[in-house]
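# Coordinate inspection notes
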Amino acid sequence: MRDPRYDILFEPVQIGPLTTRNRFFQVPHCSGMGHRYPEADLAMRSMKAEGGWGVISTQETEIHPSSDLSPSNQGRIWDDRDLPRLRKMTETLHKKGSLAAIQLVHNGIHTANRLSRIAPYGPSDVVVDVTDPVQARAMDKADIAAFRKWHRDAALRAKKAGFDIIYVYAGHDMTLLQHFLLKRYNSRSDEYGGSFENRLRLFREVLADTRDAVGDSCAVAVRFAVEELLGPAGLEHTGEGRDVVAALADEPDLWDVNLSNWSNDSQTARFSQEGYQEDYVSFVKSLTTKPVVGVGRYTSPDSMVRAIRKGILDLIGAARPSIADPFLPKKIEEGRIDDIRECIGCNICVASDNTCVPLRCTQNPSIGEEWRKGWHPEVIPSLGKPQSVLVVGGGPAGLEAARALAQRGAEVVVAEASQQWGGRVSHESKLPGLATWARVSDWRMSQLRQATNAELYLDSPLTADDIIAYQFQKVVLATGATWRTDGVGRVHRLPLPFLPSDAVVGVDDLLQKGAGAISKSGRVVIFDDDHYYMASAFAEMLVSAGYKVAFVTPSPIVAPWTEHTLEQARIQQRLMELDVEIIPLYQLAGFEGGELTLECVYSGATKRLECATLVPVTSRLPSDHLWQELQSREAQWADNGIEAVTRVGDCKAPGTIAAAVYDGHSYAQNLLAAPSDNYDRYR
Ligand code: ADP
Ligand code: SF4
């Protein structure tokens, strides 16, 4: 039964000529599928309709080949040939009770048009903001007229495809309408440049065009970034960001407001709390009578209710919370709050779009696999016959395998060597800013504790003898991995012979003991050849414990892979603010007399660096000794009732937490079937 405190979340809201069934609004978000894998995109969004979201939006949908984001997999509505798949989307969403929204986009100077080869369009002659050596050309009056027609035609096509809400989009530093608005891109001297009203003109015109074209039966939404976090150099919510809302106040049927650019809008948990956009967007409702939707990684119904009651939002917008749990609204409606799989704010989902592949999520292994594999985030077919399964290791892979197997009806026992559940997340969630990562094990443990067919044992390091003696039908090894201390990673492929064991502290030691793992005073040098979050999180932790820290990396920047998670600039800035000495482009060449020798990866030039303690953050080795031993004793399996031994997660191949969860889940899904990846569905 629903808690009456949450009734307000289920009130219908009028949006222009339409009414949404509740206040849960899946705002536009990229899926890495778009026009390239439309069936997969449809299956993913349709799952959210089933999960109770009142409005489901597409991702940004290119209106014309002059807005061609190739090779990124965005939506497309270039011409009528795009209609059949878009119509299928709206029909499916409507059948499940949701309104369908489409985010039309022209990306202006944020594209190099790599496929269409059209010179990009901009307000002025400026270089594009992607890395290609390409400039946009200043649009003349004919171009502006053409653009308005493309947008109007796209809106008409969207209406024909059955969309209910049609977006006019000026956000994320990615759209032509925003480019015209921003002084730094618009140096025109005609009626589209100069004064605020002139720079706003195209936005105002396109909004009016859209209302005129489709406003009779569709709602017209504006997605607008009220703040860029650039100070006076950018749009500010106390300045022109506010002025835009005041100027257009009741012209759209819905305001969807957020921060720009994408790294500000989709901040990770390391840099922001739930509801982090409220301070910036709360003014909007005072300037319009139209409903307002906003985001801020809302996963708690209490926070959602608070945002509505305080008059900040009318609709709770979500991208990531709807990815981590497509059934979030339904769970609140059914009073199953503890079942909500809360987003941890890691941006693995964002990284998948940024690397042009379908969505992956740390918390929800089924996202992006609804069509390819037929996976449902809430339902897994029952096994249909008794199965006993021993899961060895209670980290992300083991816990997800156990949880999903219990859901399928297996008799599951999980044995964990240590005194806590969660494996790597039990340690990593203690690093600065990563507390939400504990949700990976917390959610799985709470599901397992409710299951009557799962037994959970801590403090139970199992040996091969134990496992063989226990006589389970299936054995799953999820024993994780250990970090190397010999320097082997990408740049050093062989162990470094010169590393003194008394000066090296490994990642696992630091994770388990915190700064207490370091016994010597003096400078700590972190050598990062992993390029993700770990080394920078250690730097933060050690600075706050009072250590002087140097960060050496063969890469030109700190933590380069975090560019995909939109965190790189924030991480580098934070380390600089903490006075961490950053030494890019160096590898390790020697260690003698308390000094490291560093060697430039390009020139080979060397320099010396005083170092009391070296922390190599390079790569891991699978903890697969049990696997090896059980393989060598395969002849004993049958006599002991063992049908199969399988390894999952980091003990097979160390990777991300998301990969371990996925692997554990795949194991459970395929328990009695031949594993199938259905690669053909993408061909
Ligand atoms: P993954 O990410 O693949 O889940 P983790 O390293 O997070 O891997 O978790 C592996 C877990 O397995 C750790 O909590 C570790 O204590 C546990 N483990 C390792 N070896 C054994 C063993 N022999 N018996 C029981 N648990 C084990
Ligand atoms: Fe949230 Fe991470 Fe999943 Fe994205 S990948 S939805 S940030 S848990």
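None of the values given here were measured: they were computed from a predicted structure.

Taken together, 22 residues sit near ligand 1, with A397, E416, A417, R424 and D650 positioned nearest. Within the backbone of A417, a nitrogen or oxygen atom sits 3.0 Å from a nitrogen atom of ligand 1. The separation between an oxygen atom of ligand 1 and a polar main-chain atom of A478 is 3.3 Å. Protein chains bury 87% of the 580 Å² of accessible surface belonging to ligand 1 in isolation. If you map ligand 1 onto the pockets, it falls in the second largest pocket. By residue class, the composition of the shell around ligand 1 is 11 nonpolar, eight polar and three charged.

In this model, the second largest pocket occupies a volume close to 760 Å³. G423, R424, T479, G480 and A481 are the residues nearest the centre of the second largest pocket, which is lined by 36 residues in total. Among the elements of the structure, α13 (396-407), α14 (424-428), β18 (481-483), α17 (507-513) and α20 (625-632) are those that each provide at least two residues to the lining of the second largest pocket. Among the residues making up the lining of the second largest pocket, the classes are represented as 15 nonpolar, 15 polar and six charged. Split by domain, the residues of the lining of the second largest pocket number at least three in each of domain 2 (388-480 + 623-682) and domain 3 (484-620).

Looking now at the pattern of salt bridges. Pairing between side chains of opposite charge can happen when the charged atoms of each approach one another. One pass over the full model with this rule turns up 55 salt bridges. For R336, the salt bridge identified is with D339, shortest N-O distance 3.0 Å. Relative accessible area serves as the criterion here: at 30%, R336 is assigned to the partly exposed category. Taking relative accessible area as the criterion, D339 reaches 12% and is therefore assigned buried. The shortest N-O distance in the salt bridge between E428 and R424 comes to 3.1 Å.

Calculation rules
Residues numbered from 1 in each chain as written. Chains lettered and ligands numbered in written order. Predicted model: local features only at pLDDT ≥ 70, side-chain atom pairs only at ≥ 80, totals over all residues. Heavy atoms only, no water. Near = heavy atom within 4 Å. Polar contact = N/O pair within 3.5 Å; in protein donor to acceptor, adjacent residues only side chain to side chain. Areas by Shrake-Rupley, 256 points an atom, 1.4 Å probe, with all protein chains shown as cover. 1 Å grid on protein atoms, 1.4 Å probe; cavity = no way out; pocket = protein on both sides within 12 Å on 5 of 7 lines; lining within 4 Å. Sits in = over half its atoms within 2 Å of the grid points. Nonpolar A, V, L, I, M, F, W, Y, C, P; charged D, E, K, R; others polar. Points joined across faces, edges and corners; volume = space filled by probe spheres on them. Helix = DSSP H or I, 4+ residues; strand = E, 2+ residues; numbered from the N terminus. Domains from an automatic or database assignment. Salt bridge = Lys/Arg side-chain N within 4 Å of Asp/Glu carboxyl O. Buried < 20%, exposed > 50% of the residue type's maximum accessible area, 1.4 Å probe, protein only.

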